[in-house]
Amino acid sequence: MNVRLRDFVETEIGFFAVNTYEHPEDRVFAFLRYLNLNAVDNAINKYDLDKKDIRNNHIKITDTSKTYNILKDNFPEYLFYDKTKDITLHAVPKSEIIKIHTPQNRLKEIINNPLNKFETKCKNIAEILNKNGLDYKYMGVSGSTVIKLNNINSDIDFVIYGMENHKKAREILKSIFDEKLNKQNVKNNINIDASNNSNNNSNSNNCNNSNYGSDSNKYDIKPLSEEFWKKAYNKRIKDGTLSYEEFVWHEKRKYNRGAINGTMFDLLATRKWNEINMNYGDYIYKNMGFIEIEGTITNDKYMLDNPAIYNIENVKIVNLELNNKIMNEINPNSISEIASFTHTYAGQVFNGEKVIVRGKLENVSFKGENYNRIVVGTTREALNEYIKLQTY
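Residues numbered from 1 in each chain as written. Predicted model: local features only at pLDDT ≥ 70, side-chain atom pairs only at ≥ 80, totals over all residues. Heavy atoms only, no water.

1. Regarding the sheet that holds strand β13 (residues 263–270)
Strands sit in the order β9-β10-β13-β12-β11 across an open sheet of five strands; the sheet is mixed. Whereas interior strands pair on both sides, the edge strands pair on one side only; in this sheet they are β9 (139–142) and β11 (221–222). Note that strand β10 (residues 156–161) and β13 share six bridges and pair parallel. The partner of aspartate 157 across the bridge, within β13, is aspartate 266. With respect to the sheet, helix α8 (residues 226–236) is in contact with β12 (257–260) and β13, its orientation differing from that of β12 by roughly 130°. (Pairing = 2+ DSSP bridges. Helix = DSSP H or I, 4+ residues; strand = E, 2+ residues; numbered from the N terminus. Contact = heavy atoms within 4.5 Å. Axes fitted to C-alpha atoms, helices over the stretch in contact; angles between N-to-C directions.)

Spelled out as structure tokens, the structure:
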């Protein structure tokens, strides 16, 4: 059974988002996202769910603790103690899977026959990326769209397969944003000249109109507005670990978000099949407690994957929350990797940058080798966990 990151798994109790590439033989690691209300009596009141977000008798759940409690109380067979990570995770037994929903197949369906304005926007993103050199076969749509539970408030989770393809997609988006900024500057300069010299009115109008014929303008792809950034900040940051200004500064330089005709979209990276080179059980992880460090990023190739992976060196330990025995054994040079399981800190820092990181320290064993890594995003909310520049 081939499943990978960004796929959704359908069962009788709801839809689960696949959140990794490696899975045990008899189940799939996937997080409960949409609960079928027929599966649990009085679920809304019992678990304090948002009754305003019901879609086709399924309710969206983003709170980590609530989803775990629902499964623990009602479907314990969907929880799995993963001895390789020393943690209990959502894991769908393969015997319970009704259907696997893939982003690629859903986008093909939309491109062939968009049924509404929202689906037309998905198609338009694909078209402009394709016209700039990306093959349709490396694109998809995930999130609520892949399982047809999107509504008028939905964002577009647009998937790009392959790390180099994702980098290209972000370069395309940056060029669109730069083009629009340059045209706006030209427009502003023309308007200034026109106000100073009324004889230039006709020339300014002709120049302005002639510059707005590109596909990016046809599709109205823009950087996020202040309103969208505030929405994203309130959705992602729950504890003030990043100020609004810090959050926006880091996000704007990723070029993986924009808006198309008023709808926000993300460009999400997923590995191509030939880039998936790990199997379940290859790596063994041991939780050692929380730690804060400073260091320098040396490899950001997989910075927008899930988990987002960064290599780091020149590590300095700033704060330890470990027991005394472990504390004395930690060599800063043994910490060589950061892994972020939360979208907020994917693409957060680049090669050569000096960073500060707070998260869970793990010892990693892989085919006889050992090293340490820091995990950020031990919960979806990543409370008091972060990756950011030392100065920005």
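2. Quick word on the confidence of the model for the chain
Chain-level pLDDT for the chain is 89 on average; 88% of the residues reach the 70-or-more range. Across residues 198–214, confidence stays below pLDDT 50; counting only partners more than four residues off in sequence or on other chains, it has 15 contacts. (pLDDT = per-residue confidence, 0-100.)

3. Some points on α8
Residues three or four positions apart in an α-helix share a direction because the helix packs 3.6 residues into each turn. Listed as buried for α8 are Phe228, Trp229, Ala232, Tyr233 and Arg236. One side of α8 holds all its buried residues, which, seen down the axis, span an arc of 135°. More than 90 degrees from the buried face of α8, the exposed residues found are Glu227 and Asn234. In this structure, the buried residues of α8 make contact with α9 (244–252), β12 and β13. (Buried < 20%, exposed > 50% of the residue type's maximum accessible area, 1.4 Å probe, protein only. Arc of directions from axis to C-beta.)

4. Description of unusual backbone geometry
The omega angle of the peptide bond from asparagine 306 to proline 307 is 0°, so this bond is cis rather than trans. Within the secondary structure layout, proline 307 lies in the loop between β14 (283–299) and β15 (308–321). Phi is positive for arginine 6, which is not a glycine, with a value near 85°. Its location among the elements puts arginine 6 in the segment before β1 (8–11). Note on arginine 6: relative accessible area 14%, which makes it buried. Of note, asparagine 56 is a non-glycine position whose phi angle comes to about 50°, a positive value.

5. Some remarks on the packing of α8 against α9
Following both chains from N to C, one finds α8 and α9 inclined at 110°, their axes separated by 10 Å at the closest point. It follows that α8 is roughly perpendicular to α9 by the angle criterion. Counting all contacts with α8, which are made through Glu226, Trp229, Lys230, Ala232, Tyr233 and Arg236, the residues of α9 involved are Tyr244, Phe247, Val248, Glu251 and Lys252. Per-class residue counts for the contact of α8 with α9 are six nonpolar, no polar and five charged. (Parallel < 35°, antiparallel > 145°, perpendicular 65-115°, else oblique. Nonpolar A, V, L, I, M, F, W, Y, C, P; charged D, E, K, R; others polar.)

6. Notes on the environment of isoleucine 128
Tracing the backbone through its elements, the reader meets isoleucine 128 in helix α4 (residues 117–131). Looking at isoleucine 128, the relative accessible area reads 2%, which means it is buried. Once the C-alpha coordinates of isoleucine 128 and tyrosine 219 are considered, the two residues, 91 residues apart in sequence, prove to be 8.2 Å apart.

7. Some remarks on the pattern of salt bridges
In the structure shown here, the tally under the stated rule is 20 salt bridges. Between arginine 27 and aspartate 26 there is a salt bridge; the shortest N-O distance is 3.5 Å. You can call arginine 27 buried: its relative accessible area is 12%. For aspartate 26, a relative accessible area of 44% puts it in the partly exposed group. For the salt bridge of aspartate 178 with lysine 174, the shortest nitrogen-to-oxygen distance reads 2.8 Å. One end of the pair is aspartate 178 and the other is lysine 174, both in helix α5 (residues 163–196) and four residues apart, which spans about a single turn. Several salt bridges converge on common partners, so that one network encompasses Arg106, Glu109, Glu119 and Lys148. (Salt bridge = Lys/Arg side-chain N within 4 Å of Asp/Glu carboxyl O.)

8. Regarding the packing of aromatic side chains
Summed over all chains, the structure comprises eleven aromatic pairs. Ring centres of phenylalanine 29 and phenylalanine 80 lie 6.0 Å apart, and the angle between their planes is 50°; on these two criteria the pair is classed as tilted. Remark: phenylalanine 80 occurs in strand β6 (residues 79–82) and phenylalanine 29 occurs in strand β3 (residues 27–36); sequence separation between them is 51 residues. In this structure phenylalanine 29 comes out as buried when scored by relative accessible area, which is 3%. Here the aromatic cluster, defined as three or more aromatic residues joined through ring pairs, consists of Trp229, Tyr233, Tyr244 and Phe247. The positively charged end of lysine 388 is found above the aromatic ring belonging to tyrosine 386, 4.8 Å away from the centroid. (Phe/Tyr/Trp six-rings, centres within 6.5 Å; stacked < 30°, edge-to-face > 60°. Lys NZ or Arg CZ within 6 Å of the ring centre and 35° of its normal.)

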